[in-house]
Amino acid sequence: MFADLHVHTNVSDGASSPVEVVQYAARINLRCIAITDHDTMDGVDTARVEAELNGVDLLSGVELSTECDGMEVHILGYCINQENSNFKKHLIAFQNARLSRARKIISKLRHLDINIEINQVMELAGAGSIGRPHIAKVLLAEGKVNSVAEAFEKYIGIGRPAYEPRMKYHPLEMISLIKEAGGVPVLAHPGISCDEKLVRCLIEGGLQGIEVYHPQHNRDMEKMYLKICREHNLIVSGGSDFHGLGVTNHGKLGESVVPYETVNEIRYTASKNQAELI
């Protein structure tokens, strides 16, 4: 029995709904998935209802965007108390910052004589987190580019003329925030986002797991992060970083998995974190 612990839906920048993702997980016989949308947990409850109907275990999660020394670092948080007031406040701040960022990107596009409206982007995003992929899709729909990839390459990617940096939290802040909300912080895909020195710094700062298995990790990376996990008694996690059916620039659901025992380990660690808060 296997678990894919890094899955996105259209509540953030995925292409498939929480219901569709769960149904797909059931079809390919995954025992458990974790919904880890960017900076929001709004898809978790919908996914949980569908998971119960389909016999899939659902681990609640979120992927928080941070930055350190110019490196974009993503922290996964599992089993968080969604009613924690401080955590809710930070998620609202993330959502507001995403909307503000989108407005600034659209303004920069207008200076390039590329006119789209924020309402188009908001309609596409629905109730979920607004991100650059939504802007790219509007540009594609309006015939301004020939593909989502071209939108990033020409206009909204890092270093491009309409790029706008995101609000910056330090990863150590988010590690603490997750633990203060009773959750378990796990470093996402370190092989594509940060160096070994930073990984060890985050461990000293309270990190409790590393995403060892990821579609963009090669075998040498897996060996290195597995060794670090064993040295520091960290949770060995993994996931596909699935962004929806038909999305080709991310992993396929179930492409990178971990044994179901990892889910139990995460829940046990969360219970210890929650007990320490009492």
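Trainee: How do you make sense of the overall build of the protein when you look at a structure like this?
Mentor: Along the protein, the regular secondary structure elements total ten helices and eight strands. For 278 residues, the compact-globule formula gives about 19 Å, and the C-alpha radius of gyration of the protein, at 18 Å, lands near that figure. For the protein, the C-alpha atoms occupy an extent of roughly 55 × 40 × 40 Å along the three principal directions. Here the protein holds 278 residues, and the buried ones make up 53% of them.

Trainee: What is the right way to read the sheet that holds strand β8 (residues 258-259) from this model?
Mentor: Paired through their backbone hydrogen bonds, the strands of a sheet run either parallel or antiparallel. As summarised here, the arrangement of the eight strands in space is β7-β6-β5-β4-β3-β2-β1-β8, forming an open sheet in which the pairing is mixed. The sheet is open, and its two edges are formed by β7 (235-238) and β8, each paired on a single side. Strand direction decides the pairing type here: strand β3 (residues 57-68) and strand β4 (residues 71-78), joined by eight bridges, are antiparallel. Note on β4: the bridge partner recorded for glycine 61 is tyrosine 78.

Trainee: What is the right way to read the nonpolar core from this model?
Mentor: Here is a general trend for soluble globular proteins: nonpolar side chains tend to be buried in one another's company. Among the nonpolar cores identified, the biggest contains 45 residues, and Ile33, Ile35, Leu64, Phe87, Leu187, Val199 and Ile210 are the most heavily contacted of them. If sequence neighbours within four positions are ignored, leucine 64 has contacts with Asp39, Val73, His74, Ile75, Phe87, Leu91, Phe94, Met174 and Ile178. Residues Ile114, Leu139, Val145 and Ala151 belong to the second largest nonpolar core, which totals 19 residues.

Trainee: Would you mind showing me how to read helix α5 (residues 132-141) here?
Mentor: Count 3.6 residues to each turn of an α-helix, and residues three or four apart come out pointing the same way. Of the residues making up α5, those classed as buried are Arg132, His134, Ile135, Ala136, Val138 and Leu139. Looking one or two residues past α5, glycine 143 carries a phi angle of roughly 75°, positive in sign.

Trainee: Looking at this model, I keep getting lost on empty space enclosed by the protein. Mind explaining?
Mentor: To find the voids left in a structure, one rolls a probe of water-molecule size over its atoms. Within this structure, the stated rule accounts for one cavity of 30 Å³ or more. Together, 14 residues line the largest cavity, and Ala97, Arg98, Arg101, Arg166 and Met167 are the ones closest to its centre. At the level of secondary structure, the elements contributing two or more residues to the lining of the largest cavity comprise α3 (85-111) and α5. The element that contributes the greatest number of residues to the lining of the largest cavity is α3, accounting for six residues. Considered class by class, the residues forming the lining of the largest cavity number seven nonpolar, two polar and five charged.

Trainee: Is there a simple way to think about the pattern of salt bridges in this case?
Mentor: Per the stated rule, a full pass over the model turns up nine salt bridges. Close ionic contact of glutamate 83 with lysine 88 constitutes a salt bridge, the shortest N to O distance being 3.5 Å. Overall, the relative accessible area of 37% leaves lysine 88 in the partly exposed class. We note a salt bridge from glutamate 164 to lysine 108, for which the minimum N-O separation is 2.9 Å. Placement of glutamate 164 in the loop between α6 (148-156) and α7 (171-180) and of lysine 108 in helix α3 is noted, with a sequence separation of 56 residues between them. Through salt bridges with shared partners, a single network forms among Glu196, Arg200, Lys227 and Glu231.

Trainee: Could you clarify how one ought to interpret unusual backbone geometry in this entry?
Mentor: Apart from glycine, the bulk of residues carry a negative phi angle, and the bulk of peptide bonds sit in the trans form. Non-glycine residue aspartate 113 carries a positive phi angle of around 65°. With respect to the secondary-structure elements, aspartate 113 resides in the loop between α3 and α4 (118-125). Positive phi values are uncommon outside glycine, yet aspartate 241 reaches one of about 60°. Tracing the chain through its elements places aspartate 241 in the loop between β7 and β8.

Trainee: Hey, could you run me through the packing of helix α1 (residues 18-27) against helix α2 (residues 44-54) in this one?
Mentor: How two helices sit against one another is set out by the angle between their axes and by the gap between those axes. One can describe the packing of α1 onto α2 by two numbers: an axis separation of 8 Å at closest approach and a directional angle of 30°. Taken together, the axes of α1 and α2 lie roughly parallel to each other. Crossing hand, α1 versus α2: right-handed. Facing α1, whose interface residues are Pro18, Val19, Val22, Gln23 and Ala26, α2 presents Thr46, Ala47, Glu50, Ala51 and Asn54.

Trainee: Is there a simple way to think about the pairing of strand β1 (residues 2-7) in this case?
Mentor: Taken residue by residue, a regular strand's side chains alternate between the two faces of the sheet. Of all six residues in β1, five are buried, a share of seventy percent or more. Bridge count for β1 against β8 is two bridges, and the pairing is antiparallel. Along β8, the bridge assignment pairs phenylalanine 2 with proline 259. Judged from the three bridges that link them, β1 and strand β2 (residues 32-35) form a sheet pairing that is parallel. Directly across from aspartate 4, in β2, lies its bridge partner isoleucine 33. After leaving β1, the chain enters α1 and then returns to the sheet as β2, a path that is right-handed.

Conventions used here
Residues numbered from 1 in each chain as written. Predicted model: local features only at pLDDT ≥ 70, side-chain atom pairs only at ≥ 80, totals over all residues. Heavy atoms only, no water. Helix = DSSP H or I, 4+ residues; strand = E, 2+ residues; numbered from the N terminus. Rg over C-alpha atoms; globule rule 2.2 N^0.38 Å. Buried < 20%, exposed > 50% of the residue type's maximum accessible area, 1.4 Å probe, protein only. Pairing = 2+ DSSP bridges. Core = buried A, V, L, I, M, F, W, Y, C linked by side-chain atoms within 4.5 Å. Contact = heavy atoms within 4.5 Å. 1 Å grid on protein atoms, 1.4 Å probe; cavity = no way out; pocket = protein on both sides within 12 Å on 5 of 7 lines; lining within 4 Å. Points joined across faces, edges and corners; volume = space filled by probe spheres on them. Nonpolar A, V, L, I, M, F, W, Y, C, P; charged D, E, K, R; others polar. Salt bridge = Lys/Arg side-chain N within 4 Å of Asp/Glu carboxyl O. Axes fitted to C-alpha atoms, helices over the stretch in contact; angles between N-to-C directions. Parallel < 35°, antiparallel > 145°, perpendicular 65-115°, else oblique. Left-handed = near helix turned anticlockwise from the far one by under 90°. Right-handed = clockwise from strand over helix to strand, strands pointing away.

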